Amino acid sequence: MKIIISPAKTLKPQHENLLQNKELLYPAQHKNLLNHLCSLTKEELQQSMRIKGSLLDTTYNNIQKHDTLSSFQAFPSYDGLVYKNLDKSLYKAKEYGYIEEHLRILDAFYGALEPGTLIKPYRLDFTMKIGLNLYDVWKLDNLFQDEVIINLASDEFAKMLHSNKMITIKFLQNKHNILINQATYTKMARGQLLHFMIINQVKDIEAIKAFDGDGYHYHSRLSNDTTIVFTR
């Protein structure tokens, strides 16, 4: 079983001694993508990424000086909502062993990351019009061979993979008796479910259904062979 999640735009460089440092899984593709980004002017980056001011300056400088930047581990350094809903203070060697074995992070700049993969500051997602189709750059259909994939990633990143063994997890909130998907709550719930799987060393699909964090419960009628739905 492998678990896929999205990266986060917010990074706080960290290093976890219980994770092994890992090299990039796709160094050649990453290098080609970096060379393309280096060829873009600051004005082109501003238009494609829709950023300006100090964020534009930092992003441009990080691209141009990428080789000189300090590296840090991927999993401990991402700081978005999914990652904020992990209680990493509870993780010891056993938990990080599970994370190393089962968790992979899908990414527009690096393709796919192991938890301890060494990365550098960057900003890139699939909505940015940089003159390349990033889905053509990253074709990861053979990444996991025949393993079951538990999809906790957003649609944007899950589209990097096509597998008949992917099970997508959905979180729906009841609002005025209508079940809806609210992005903020879904991101939080993805982190909470991942934490549940890490703490409980979950290795089979049925065990996932026991998750009941933050008022969510497994909804059997809305679930099927390719989708597990939790509602609250």
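Residues numbered from 1 in each chain as written. Predicted model: local features only at pLDDT ≥ 70, side-chain atom pairs only at ≥ 80, totals over all residues. Heavy atoms only, no water.

Chemist: Sorry, what's going on with empty space enclosed by the protein here?
Modeler: A water-sized probe, rolled over the atoms, reveals where empty space remains. As enumerated under the stated definition, the model contains one cavity of 30 Å³ or more in all. Counted as a void, the largest cavity has a volume near 50 Å³. Forming the walls of the largest cavity are L37, T59, N62, I63, H66, F109, P121, Y122, R123 and L124. Here the lining of the largest cavity is built from residues that sort into six nonpolar, three polar and one charged. (1 Å grid on protein atoms, 1.4 Å probe; cavity = no way out; pocket = protein on both sides within 12 Å on 5 of 7 lines; lining within 4 Å. Points joined across faces, edges and corners; volume = space filled by probe spheres on them. Nonpolar A, V, L, I, M, F, W, Y, C, P; charged D, E, K, R; others polar.)

Chemist: In this structure, what is going on with the pairing of strand β3 (residues 103-107)? I would like to understand it.
Modeler: Each regular strand carries side chains that alternate between the two faces of the sheet. Counting buried positions along β3 yields five of five residues, so the element is predominantly enclosed. Neither face of β3 is open: one carries L103, I105 and D107, the other R104 and L106, and all of them are buried. When strand β1 (residues 2-5) meets β3, the two strands line up parallel, connected through three bridges. By the bridge assignment for β3, I3 is matched with L103. (Buried < 20%, exposed > 50% of the residue type's maximum accessible area, 1.4 Å probe, protein only. Helix = DSSP H or I, 4+ residues; strand = E, 2+ residues; numbered from the N terminus. Pairing = 2+ DSSP bridges.)

Chemist: Help me understand the packing of helix α2 (residues 42-49) against helix α3 (residues 53-64), please; the structure alone is not making it clear to me.
Modeler: Each pair of packed helices can be described by the angle between their axes along with the distance between the axes. Orientation of α2 relative to α3, taken along the N-to-C sense of each, is 115°, at an axis distance of 10 Å. For α2 against α3, the interelement crossing comes out right-handed. Counting all contacts with α2, which are made through K42, L45, Q46 and M49, the residues of α3 involved are L56, D57, T59, Y60 and I63. Classifying every residue of the contact of α2 with α3 by side-chain character gives five nonpolar, two polar and two charged. (Axes fitted to C-alpha atoms, helices over the stretch in contact; angles between N-to-C directions. Left-handed = near helix turned anticlockwise from the far one by under 90°. Contact = heavy atoms within 4.5 Å.)

Chemist: Can you walk me through the layout of surface pockets in this structure?
Modeler: Considered as a void within the structure, the largest pocket measures approximately 660 Å³ in volume. Every residue lining the largest pocket is counted, 31 residues in all, and those nearest its centre are S6, S154, F157, K187 and R190. When residues of the lining of the largest pocket are assigned to their parent elements, the largest contribution, five residues, is made by strand β7 (residues 166-175). Partitioned by chemical class, the residues of the lining of the largest pocket number 15 nonpolar, seven polar and nine charged. Considered as a void within the structure, the second largest pocket measures approximately 190 Å³ in volume. It is α3 that provides the largest number of residues to the lining of the second largest pocket, a total of four residues. Looking at side-chain class alone, the lining of the second largest pocket contains six nonpolar, four polar and two charged residues.

Chemist: Would you take a moment to explain the environment of V202 for this structure?
Modeler: The topology assignment puts V202 in the loop between α9 (183-199) and α10 (205-208). Along the chain, V202 and M1 lie 201 residues apart, while their C-alpha atoms are 9.3 Å from each other. In this structure V202 touches M1, Y98, F196, M197, A207 and I208, once residues within four positions along its chain are discounted.

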